[in-house]
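Residue-level structural notes
Chain by chain, the residues run as shown.
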Amino acid sequence: MSTFEAVVLWVLLICADLSDGVKFPPGFLFGSATASYQVEGAWNVSDKGENTWDRLVHSNPDAIKNRDNGDVACDSYHNWRDDVKIASDLGLHFYRFSISWARLLPTGLPDRISEDGKNYYNNLIDGLLEKGIQPLITLYHWDLPQRLQDLGGWTNPLIVEWFADYARVAYTLYADRVKGWITINEPVIVCDFVYNSGIIAPPIKDPGFANYLCTKFLLLAHAKAWRIYDKEFKPKYNGKVGITNHLIWMEPFSNEYEELTENLRHYLAGLYSHPIYTKDGGWPPEIEKIIAENSKRQGYPRSRLPAFTQEEIDFIKGTYDFYGFNFYTSRLVRKARDGETLSNWPLENGCPELSAAMEVHPSWKKTESDWFWINPVGIRKMLGWLKKTYGDMEIFILENGLATKDYNLNDEDRIKYYRDHLEQIWLAITEDGVNVTRYTAWTLVDNFEWIFGYSVKFGLYEVDFEDPKRKRTPRASAKYYKEVIRTHSFDVANKNNYDEL
Ligand code: GBH
């Protein structure tokens, strides 16, 4: 062996050794995600039906920062080949995207399937598979057909049938090639944020009442869609179906708020988890009791949280193949002061139902988005809590990422965010024995960030929104993530030596 060879071997051994220590388990998968309304554009192309976000941005443009809208967005409807290319350049194991319900079913109902809608998703799926990337489909990421909204949307019990019919169409068309399905993205946003705040689509404010109707019917809709797959498609295709929650780690402000904090976890995560993942099913008992008592005191003849029949409890229970959640941030919890007004939006500021107020720790770095402070250890604690509370399940992390502002390719802060969160996830796996098997970076490309429009950016790739072709350019974080995937490790050895993208 020449001296040169010996040195090369020595370097290789050291590198292998270093990254071996921090490797994710073999079989652990890395992906990235987007959602239809945030990237597709083509809002009125072909026979696509109008959805609730189309309606909001057109009827009340001032609801959105800079009067932005998703009419064109990243134009992924026309540029899907670019998305597939960059997903492949990154080496993604899977790509999570959502189907626009009204693009596939222009009437919202299965009386007519759009040819163009059907082909669009067929092309995307086949394009991904050709590159060896698994498609992971979200059926509902907030863009409800407006026609169904006009009939009450998620507060109408018939949504259970409407959603199940739509799910069956999607499975029938795509389940031969798509092995991973997410029924609904972040029910706490679909129900609680929507009806408690009134500031996103559909803009209906009916706090403490409509949100709970939505919660009940959404859970039944999820369960029905899960059961359809389980019975009609799983025997043949053997894929996995689940729902994904938006979880914020809740920590007591001080010791005296332990119980309040635990209640709040059982409220925010529990309303959407207890019915599905526990052996008894149904509402989390302590929360059911609190809402019933509050309702009684307020003069209602029955709880604002609608009861389940035993049949419904059994129908929802066990409808999962994994526990899915999205994670961004954390909060500190304390009792609300007398007379303190709490925002009706419970997740990020306070929860009137429990008289809980939320704060942030001074050591958590504020990001450029109003609701978002950084606390990486929160994700490890969240994983530990899920395991302790609901048992040892397979867990998919289906979104995680950092918000920045302005065009900027050199996003060192995003790299740090990803690195620090991946480290905590790795610790949860290796030290706490939590069975996490997937990680998803939100998001592949800068896109329409809901009421913040294009002012807030989450992309691994920057998108030039002035360019008619919406050119995508990799940020430093894209290069970092590519290296994470290649080495199967968060501790990428030589940061300055990424492959060119
Ligand atoms: C996820 O939601 C979504 O699934 C995804 O579509 C989105 O792009 C991503 O996060 C990044 O935000 O300041 O009062 O308007 C996360 C939950 C709920 C966080 C709404 C931001 C804004 C509250 N989001 N919240 S407010």
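Let me begin by describing the structure that accompanies this report. Keep in mind that this is a model prediction, so the values were computed, not measured.

1. So, the site of the ligand
- Lining the immediate surroundings of the ligand are 20 residues, of which Gln38, His141, Glu186, Glu399 and Glu449 lie closest.
- Between the ligand and Gln38 there is a distance of 2.8 Å, counted from an oxygen atom to a side-chain nitrogen or oxygen.
- Within the contact set of the ligand, an oxygen atom lies 2.9 Å away from a side-chain nitrogen or oxygen of His141.
- Bound to the protein, the ligand loses 92% of the 580 Å² it would expose on its own.
- Mapping the ligand onto the cavity grids shows that it belongs to the largest pocket.
- In terms of residue class, the shell around the ligand is made up of twelve nonpolar, four polar and four charged.

2. As for the environment of Asp47
- As for its placement among the helices and strands, Asp47 is situated in the loop between helix 2 (36-39) and helix 3 (52-59).
- Classification of Asp47 by relative accessible area gives partly exposed; the value is 30%.
- C-alpha of Asp47 to C-alpha of Leu104: the two residues are 57 residues apart in sequence and 9.1 Å apart in space.
- Excluding anything up to four places from it in sequence, Asp47 contacts Pro106, Arg112 and Ser114.

3. Re the pattern of salt bridges
- Applying the stated criterion to the full structure yields 33 salt bridges.
- Across the salt bridge formed by Lys381 and Glu251, the nearest N and O atoms sit 3.4 Å from each other. Here Lys381 is found in helix 15 (residues 377-390), whereas its partner Glu251 is found in strand 5 (residues 240-252), with 130 residues between them in sequence.
- Lys381 gets classed as partly exposed once you look at its relative accessible area, which sits at 33%.
- The closest approach of N and O atoms between Glu353 and Arg304, which form a salt bridge, is 2.7 Å.

Conventions used here
Residues numbered from 1 in each chain as written. Predicted model: local features only at pLDDT ≥ 70, side-chain atom pairs only at ≥ 80, totals over all residues. Heavy atoms only, no water. Near = heavy atom within 4 Å. Polar contact = N/O pair within 3.5 Å; in protein donor to acceptor, adjacent residues only side chain to side chain. Areas by Shrake-Rupley, 256 points an atom, 1.4 Å probe, with all protein chains shown as cover. 1 Å grid on protein atoms, 1.4 Å probe; cavity = no way out; pocket = protein on both sides within 12 Å on 5 of 7 lines; lining within 4 Å. Sits in = over half its atoms within 2 Å of the grid points. Nonpolar A, V, L, I, M, F, W, Y, C, P; charged D, E, K, R; others polar. Helix = DSSP H or I, 4+ residues; strand = E, 2+ residues; numbered from the N terminus. Buried < 20%, exposed > 50% of the residue type's maximum accessible area, 1.4 Å probe, protein only. Contact = heavy atoms within 4.5 Å. Salt bridge = Lys/Arg side-chain N within 4 Å of Asp/Glu carboxyl O.

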